[in-house]
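A look at the structure
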Amino acid sequence: MTNTDHVALTLSSTSVTSLSGGAAGDESNISRRSFRRSWNQLPRCQRNLIIMAVTAFIFTALLFLPGDQLINIKDVRLKPGAAPFHIRRENTLQNPHHHPNVDKDNELPDDISAAVASPMTDENRLTKAKPAEEKLDGSKFAENVDKLPETVVVGNENGIIDIVNNVDQPIEQPLENTINDPSSLRAEVEEAIRNPFKVSHVSIESHLQSISGQLAKPQHFHGATNERQSAVVAAFKHSWAGYKTYAWGHDNLKPVSQTAHEWFGLGLSIVDSLDTMYIMGLEDEFNEARNWVKDALHFHTNRDVNLFEVTIRVLGGLLSAYHLSGDRMFLVKATELGNRLLPSFLSPSGIPYSDVNLGERSAHSPKWSPDSSTSEVTTIQLEFRDLSRSTNISIYERVVNVVNEKVHALDKSHGLVPIFINANTGTFRNYATISLGARGDSYYEYLLKQWLQTGRKDNDNLILDYMQAIDGVFTQLMRRTPREHWVYIGELINGHDFKPKMDHLTCYLPGTLLLGHQNGMPESHLLLAKDLLDTCYQTYVRQPTQLAAEISYFALTDKEENDIYVKSNDAHNLLRPEFIESLYYFYALTGNRTYQDMGWVIFQAFEKHSKVAAGYTSLGNVKNTLNTRMRDLMESFWLSETLKYFYLLFSDNCREIDLDKWVFNSEGHPLPVYQN
C-alpha cells in the first residue's frame with residue numbers, strides 16, 4: 001500500500017465560492033488545513049505536553065503584567081470596598097479629630113508570612129496619584145508626578161506614592177485598598193523594623209508634618225470642681241511627689257522602702273500617668289513629664305519587654321497624651337515604639353509572640369512556655385489601630401486585624417476562649433482554663449471596645465463574637481450563692497470543671513456589660529451588670545479593711561459557712577482599678593450618684609490603709625486591719641487607672657469624658673472613636 005502524506009479533498013462549487021478571496025485567501029486556508037493535519041499526526045502525549053507548555057507560558061505572562069493591568073482585570077469582580085491598595089481616596093473624620101480610617105472587616109490572610117491578595121480596605125484615607133512610571137517591584141518612582149492641589153506627596157514602604165490632603169475637609173468616598181503582593185505585609189513589617197525612625201521612607205517627623213492638617217487638636221478640662229475630686233488630686237500629687245523623689249525615670253515606686261522598682265526600663269509611671277495629669281489639670285506635673293518623655297524616653301535598650309504590657313501602658317499612654325494635648329511629639333514617640341513592637345507579629349501563625357526586644361528588634365515566646373496569654377494577644381488592637389488612624393500608616397492596624405481574624409476562626413466553647421494560645425501554631429492550648437479573670441479578661445473587653453472604636457457596624461465579627469461570649473457566660477460561668485444569691489462568674493478548669501473562684505480582675509465586666517447595653521446589647525446584659533456590680537462591692541465592704549482581695553471564692557452549697565470568702569494566699573490588694581472602672585461607667589452612663597458614694601467608701605479605705613509617707617502601697621492582707629502586711633509597691637496603674645477613674649467618678653459632670661466619642665483602653669487611656 002502506498003503511503004501518502006496528504007489528503008485528497010473534493011469540494012463543491014459552493015464551498016469553493018465561500019472560501020474564495022483571491023490567492024492570498026486560498027493560501028491562508030491551505031496553511032490552516034496543513035497545520036491541522038500536522039497537529040493530528042502528532043502522538044497524544046506530545047500534544048498534551050505542548051498544551052501544558054502553552055498554558056504555563058500564558059499563566060507566567062499574566063503574573064508579570066504591569067500592576068495596573070492586573071488590577072484592571074480584577075476590578076471588574078471586586079466587591080464594593082475592595083479596590084486596589086494603591087488607589088487611594090482622601091477623607092478625614094470630624095469626631096473627635098480628623099483622621100484616616102481603615103476598614104478592618106475586609107478579609108485578611110490568616111498568616112502574615114503568607115499575606116495574599118485578599119482585599120484590605122483603608123477607608124477615607126488618601127487620593128490616587130498617577131506616577132510617571134509606576135513599578136511594583138519596590139523601586140522608586142520617577143520624580144515627575146502629577147500632583148493634586150494642596151497635597152503632599154509621600155512615598156510609602158512599597159515605593160507607592162501617597163497623596164495626603166492637607167485641606168481639612170471630609171471626602172465622601174472611602175479609601176479602598178487591596179494587597180496584591182503575597183509578601184507585601186511581611187515586607188512592610190520588615191521594612192518598619194529595619195528603620196524604626198521612619199515611615200514611608202521619610203522620618204516620622206517629616207511624615208507627620210505632611211499630614212499636619214489631620215492631627216489632633218487639644219482637648220480642654222477644667223480641673224477639680226468639688227471636695228471629693230480635690231481629694232483624689234491630692235492623692236495623685238502625693239503619689240507623684242514620692243515617685244519623683246525616689247524613683248524618677250524608673251518604672252515604679254517602692255513607697256515603703258523609698259526606692260525604685262524596674263521592670264522594662266521605660267519610665268512606666270511617667271508615661272502611664274500623662275493623660276491623668278492632663279485631665280486633672282496638673283499643668284506643671286504634665287509639662288515635667290512631657291519633657292522627660294521628649295528627652296529621656298528611649299526604646300533602644302537591649303531588653304525583653306512584654307508586648308501586651310508595653311502596648312497598653314506605653315503605646316496607649318503616648319497616644320492618649322497626644323490626642324488630649326495635641327502635642328505631636330507624643331505621636332512621634334508612639335510611632336517609633338510601634339515599629340519596634342512589630343517583630344512580635346513575625347510568627348509562623350500571625351498570632352504575636354509575647355516577648356519582644358525593643359533594642360535588637362526581635363521577638364519570641366515567653367521563656368516559661370511556648371504559649372502566649374489569650375488576653376494579651378487580643379488586647380493590643382485598640383492601640384495599634386489608633387496608631388494607624390493617627391499616622392495614615394495602615395500597617396499597624398493590618399497586623400492586629402490578622403490576629404482578630406485568626407482568633408475569630410478558632411473553635412470556641414460557647415464563645416468562650418481558653419486562656420493560652422500558641423504563637424507558632426495559632427491554636428489554643430488543649431484543656432486550658434476558661435476564665436474572665438487573669439489571662440482571659442480583656443479578650444472580651446476588647447471585642448466590644450473595638451466594635452465601638454470602629455463605628456458599631458452591623459454584623460461585625462467583633463460584636464457577634466462578643467454576644468456569643470456573653471451568652472456563654474450566662475450558660476457556663478454564671479452562678480448564684482445558695483443563701484444570699486450573690487451573682488458571680490466562675491472558671492472552667494481544664495475547660496470543663498467549674499470552680500467558684502472570681503478574680504478581682506473580673507470586676508471590669510459590670511462596666512463593660514453596661515457600656516454594651518448602652519450601645520444596643522440586650523436587657524439581660526444590663527441585669528447581669530447590676531447583679532455583678534453588687535457582688536464586686538461586697539468583696540470590698542465585707543473585708544475589715546473595706547478593700548477587696550485579689551481573689552474571692554463563693555459557696556456552692558448551703559453547708560459552707562460564708563457565701564463569699566477569701567483564702568489566706570489570695571488576700572492581697574494591688575491597688576487595682578477594675579471595680580472603680582465599673583463604678584465610673586455606671587455613674588457616667590446613668591448619672592446616679594449612688595455609685596459615687598460607693599466609690600467614696602473605697603477611696604477612704606485606700607487613704608486609711610495604703611497611704612504611706614512616700615505614696616500608696618499594695619497590701620498583703622485585707623483581712624486584718626492590724627496586720628495588712630505592706631507589699632511595698634505602687635504600680636503605674638494606680639496613677640493611670642485607679643486614681644483617674646476615681647477622679648472621673650466624683651466629677652459633677654458625668655460626661656466629663658464623652659463615651660460616645662472616646663473609648664478607654666485596658667489601662668484607662670482614652671482613645672478617639674472613629675466612624676468606621
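Computed from a predicted structure; not experimentally measured.

The next point concerns the packing of helix α5 (residues 184–194) against helix α15 (residues 395–409). Across the interface, α5 lies against α15 with an axial gap of 11 Å and an inter-helix angle of 125°. Classed by the angle they form, the pair α5 and α15 counts as oblique. The element α5 and its partner α15 pack so that their crossing is left-handed. Residue-level contacts link Ser184, Leu185, Glu188 and Val189 of α5 to Ile395, Arg398, Val399 and Val402 of α15.

It is worth spelling out the packing of helix α19 (residues 523–541) against helix α21 (residues 594–609) at this point. Interhelical geometry of α19 versus α21 gives an angle of 25° and a closest axis separation of 11 Å. Comparing their axes, α21 and α19 come out roughly parallel. For the pair α19 and α21, the crossing hand works out as left-handed. Residues Leu533, Tyr537 and Tyr540 of α19 pack against Tyr595, Met598, Val601 and Ile602 of α21. Classifying every residue of the contact of α19 with α21 by side-chain character gives seven nonpolar, no polar and no charged.

Turning our attention to the pattern of salt bridges. As enumerated under the stated definition, the model contains 26 salt bridges in all. The closest approach of N and O atoms between Lys449 and Glu581, which form a salt bridge, is 3.7 Å. Highlighted residues: Lys449 in helix α16 (residues 441–453) and Glu581 in helix α20 (residues 578–590), separated in sequence by 132 residues. Of the residues examined, Lys449 reaches a relative accessible area of 1% and is grouped as buried.

On to the side chain of Thr481. When you line up the elements, Thr481 lands in the loop between β12 (478–480) and β13 (487–489). Of the polar contacts made by the side chain of Thr481, one reaches the backbone nitrogen of Trp486; its length is 2.8 Å. In this structure the side chain of Thr481 is engaged in a polar contact, spanning 2.7 Å, whose partner is the side chain of Asp563.

With respect to topology, three strands assemble into an open sheet ordered β7-β8-β9, the strand pairing being antiparallel. The two strands at the open ends of the sheet, each matched to only one other strand, are β7 (304–306) and β9 (362–364). For this sheet the average axis-to-axis angle between neighbouring strands, irrespective of direction, equals 30°. Across three bridges, the pairing between strand β8 (residues 355–357) and β9 is antiparallel.

Another aspect to go through is the packing of aromatic side chains. Counted according to the given criterion, the structure contains 29 aromatic pairs. For the ring pair Phe603 and Phe650, a centre distance of 6.4 Å and an interplane angle of 80° mean the geometry is edge-to-face. Of this pair, Phe603 sits in helix α21 while Phe650 sits in the loop between α22 (637–649) and β21 (662–664), placing them 47 residues apart in sequence. Taken as a pair, Phe603 and Phe650 share a single burial class, namely buried. Three or more aromatic residues link up through ring pairs in this structure, and these residues are Trp600, Phe603, Phe606, Tyr616, Trp638, Phe646 and Phe650. The residue whose ring lies beneath Arg389 is Tyr674, and the NZ or CZ to ring-centre distance is 5.1 Å. Positioned above the aromatic ring of Phe498 is the side chain of Arg479, whose terminal nitrogen or guanidinium carbon lies 3.9 Å from the ring centre.

The rules behind the values
- Residues numbered from 1 in each chain as written.
- Predicted model: local features only at pLDDT ≥ 70, side-chain atom pairs only at ≥ 80, totals over all residues.
- Heavy atoms only, no water.
- Axes fitted to C-alpha atoms, helices over the stretch in contact; angles between N-to-C directions.
- Helix = DSSP H or I, 4+ residues; strand = E, 2+ residues; numbered from the N terminus.
- Parallel < 35°, antiparallel > 145°, perpendicular 65-115°, else oblique.
- Left-handed = near helix turned anticlockwise from the far one by under 90°.
- Contact = heavy atoms within 4.5 Å.
- Nonpolar A, V, L, I, M, F, W, Y, C, P; charged D, E, K, R; others polar.
- Salt bridge = Lys/Arg side-chain N within 4 Å of Asp/Glu carboxyl O.
- Buried < 20%, exposed > 50% of the residue type's maximum accessible area, 1.4 Å probe, protein only.
- Polar contact = N/O pair within 3.5 Å; in protein donor to acceptor, adjacent residues only side chain to side chain.
- Pairing = 2+ DSSP bridges.
- Phe/Tyr/Trp six-rings, centres within 6.5 Å; stacked < 30°, edge-to-face > 60°.
- Lys NZ or Arg CZ within 6 Å of the ring centre and 35° of its normal.

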